[in-house]
Amino acid sequence: MNLLKKVLSEPLFNLVKYIEKSITKTHSHFKSIKFFALVNMLKEYDIKIIKCFSKDIELKKALKIYCKQHKIQYDNKINSINFKLNQSIIYHIIKANIFLLKYFITFFHYKKSTIKQHNLSNNSVFFHSYFMNYKKSSIIKNQYYSNYWKDLPELFINNGKKINWFHTYLKTKNVKTIHTGKNIINNLNDENNFHNFIENYFTIFDYFTILTKWILLMCRIMFLQKKLKKIISDDSRGFLFEFHKSSFNNSFYGSLSIMNLIWINRFNEIMKNINRQNLGFYLCENQGWERALIYYWKLHNHGKLIGVVHSTMPFWDLRYFQDKNFYDEKHSLPFPDYFAINSPIAKDLYIKSLQPINKLIEVEALRYLDVINQCKRISIETNNKSLNKILIVGDFQQNTTTDLIKIIKAASLDLKDYKIDFKPHPGNYIDISKFGLNNVNIVNDSLVNLSSQYDYFITTANTSSTMDLILLRKNFSVFLHSDDFNASYLTEIPGIEYFYDKSSLILILMDSYHKHSIINPNEIFYSGSSLNKWKSLIN
């Protein structure tokens, strides 16, 4: 990593997958940890011979290298093609070219746009957010009410501030093109709120700038290939690189390298051209692009920046936890001035992992305020009625939601007596009819509004909607992918039912006697509709 850091620009290095450590964008971290467990077993039992019956190419390569290092006899029992397309550099280069061209075609119509902002921008507050998960009824009235931010922007407006909104465009069912999104936000602008898409300003000059930088990046990495291979082969843990090879190629040759250069280009352009923002907020998930925002926010001398951890912080979500040395000036990655956290559980995890407590601010859980208020009105009772209506709740990860739907399809005969509906994630709309589930209806209302209409809920480990269901005291089970971490926040809560396949799901549903979850919301989130913690921060 030190060698890569020397040849890459600082903002680009900060965006690569190894730094982000996302467990949803790649399974390489999960495979690495499983391999360490295997290594511990080999050492404990002093294994001398290994017979491998796996078809997993990455596992076989890593195991072969490890056995050679430790003089263990390796016997591959299943012959298979020793090649994976996504580990090919050529494959990633072709994908990168296609990706950049598609991005250019999608956003080029706005080449003549200029960055618009309030005339009184020194008196404004910067908000970065995804353009989704808003109240559709507010859009009809030409108002913007984000379910991520709730009433927080209004608190600033009531204190005489203006809001500069910069949205990241995401294709959703209601906003299928950025042209539609642009028409919507033009109608949302008023004397207190001004909306922009960060994609608005992509010009043909930007296209060729990114293409040139990408070519130079590939040349530098190719020049280092021999040195990198030598470093990896000499490292006692170099076998782990077999699990990360695809991520490496994507980060430096593929579509991810293009997207990272786009993030750098966009945030540099925006932060350079807007007037100084004294205060800024963004939804913090510790994704790579956030470090581009932070880096250029600070480079262009804007004010305090607060990363708002708007959802949950699961134990296994490695994005939220850094080596403590990364916070010092010598090794520092770009971090906001403060992290606003919404949960005592998250705070405890944060402190136990040696993160700096002076960067923490406790705030109310904006995303869950409606659910918490609803929770306080729900009577505590036992549900021993039979199940009739089931709601499947999708998440942002397409592959996880798709695998869940396939299980539902496989169990369709066993579920024929249930009325089943599907609620997709707003950022991951899936046409469920393609899976042959023609009797399953799509619903898009909030879980708070839908909760009373269903007897049972099925969701995934990757979505924070499980917390809504806990607080609403609803019966549910969680799909846990067999080849992934249990990334659920619910690992801190006993009694949660998990399933992995059709059989385990049916076993859970056969038990028609369920108890509602009884939990004090204050044990999970900082709550209070008066937003006293947020008001204290603002003041």
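Coordinates for the structure precede this section.
Residues numbered from 1 in each chain as written. Predicted model: local features only at pLDDT ≥ 70, side-chain atom pairs only at ≥ 80, totals over all residues. Heavy atoms only, no water.

Q: An account of empty space enclosed by the protein is needed here, citing residue identities and associated values.
A: Under the criterion given, the structure shown has 3 cavities of 30 Å³ or more. Taken as a whole, the largest cavity spans an internal volume of roughly 50 Å³. What lines the largest cavity is simply Tyr 148, Val 308, Val 309, His 310, Ala 340, Asn 342, Val 363, Glu 364, Ala 365, Leu 366 and Arg 367. Taken together, the residues of the lining of the largest cavity sort by class into 7 nonpolar, 2 polar and 2 charged. (1 Å grid on protein atoms, 1.4 Å probe; cavity = no way out; pocket = protein on both sides within 12 Å on 5 of 7 lines; lining within 4 Å. Points joined across faces, edges and corners; volume = space filled by probe spheres on them. Nonpolar A, V, L, I, M, F, W, Y, C, P; charged D, E, K, R; others polar.)

Q: Go over the sheet that holds strand β16 (residues 498-499), please, and point to the residues and values.
A: Backbone-to-backbone hydrogen bonds join strands into a sheet, with any given pair of strands oriented parallel or antiparallel. Ordered by their spatial adjacency, 6 strands build an open sheet running β13-β12-β11-β14-β15-β16, and the pairing between neighbours is parallel. Looking at which strands have only one partner, the edges of the open sheet turn out to be β13 (441-442) and β16. Judged from the 2 bridges that link them, strand β12 (residues 419-423) and β13 form a sheet pairing that is parallel. In the sheet register, Phe 422 faces β13, and the bridge partner there is Ile 442. (Pairing = 2+ DSSP bridges. Helix = DSSP H or I, 4+ residues; strand = E, 2+ residues; numbered from the N terminus.)

Q: Which residues make up unusual backbone geometry, and what values do they have?
A: Even without a glycine there, the phi angle at Asn 286 is positive, about 55°. Along the chain, the position of Asn 286 falls in the loop between β6 (279-283) and α13 (288-299). According to the relative accessible area criterion, Asn 286 is buried, its value standing at 8%. (Buried < 20%, exposed > 50% of the residue type's maximum accessible area, 1.4 Å probe, protein only.)

Q: Quick one: what's the story with the pairing of strand β3 (residues 124-130), residue by residue and with numbers?
A: Here β3 lies mainly inside the structure; 7 of its 7 residues are buried. By the alternation rule, side chains of β3 split into Ser 124, Phe 126, His 128 and Tyr 130 and Val 125, Phe 127 and Ser 129, which are all buried. Note: β3 against strand β4 (residues 162-168), 7 bridges, orientation parallel. Counterpart to Phe 126 in the pairing with β4 is Asn 164.

Q: So what's going on with the packing of aromatic side chains? Residues and values would help.
A: By the definition in use, this model includes 37 aromatic pairs. Aromatic pair Phe 156 and Phe 281: ring centres 5.6 Å apart, planes at 55°, arrangement tilted. Residue Phe 156 is found in helix α8 (residues 152-158), and its partner Phe 281 is found in strand β6; the two are separated by 125 residues along the sequence. No difference in accessibility class separates Phe 156 from Phe 281, as the two residues are buried. Its end group placed over the ring of Tyr 454, Lys 389 keeps NZ or CZ at 4.9 Å from the ring centre. The ring of Tyr 526 is capped by Lys 533, whose NZ or CZ atom sits 5.0 Å from the centre of that ring. (Phe/Tyr/Trp six-rings, centres within 6.5 Å; stacked < 30°, edge-to-face > 60°. Lys NZ or Arg CZ within 6 Å of the ring centre and 35° of its normal.)

Q: Before we move on, can you summarise the sheet that holds strand β5 (residues 193-197) with the specific residues and values?
A: Strand order in this open sheet of 7 strands is β5-β4-β3-β6-β7-β8-β9, and the pairing throughout is parallel. At either margin of the open sheet sits one strand with a lone partner, and together these are β5 and β9 (360-362). The mean inter-strand angle of the sheet, taken between neighbouring strand axes irrespective of direction, is 25°. The pairing of β3 with β6 spans 3 bridges and is parallel. When the bridges of β6 are listed, Phe 127 appears paired with Phe 281. Where α13 meets the sheet, it contacts β3, β6 and β7 (304-308), and its direction lies at approximately 175° from that of β6. (Axes fitted to C-alpha atoms, helices over the stretch in contact; angles between N-to-C directions. Contact = heavy atoms within 4.5 Å.)

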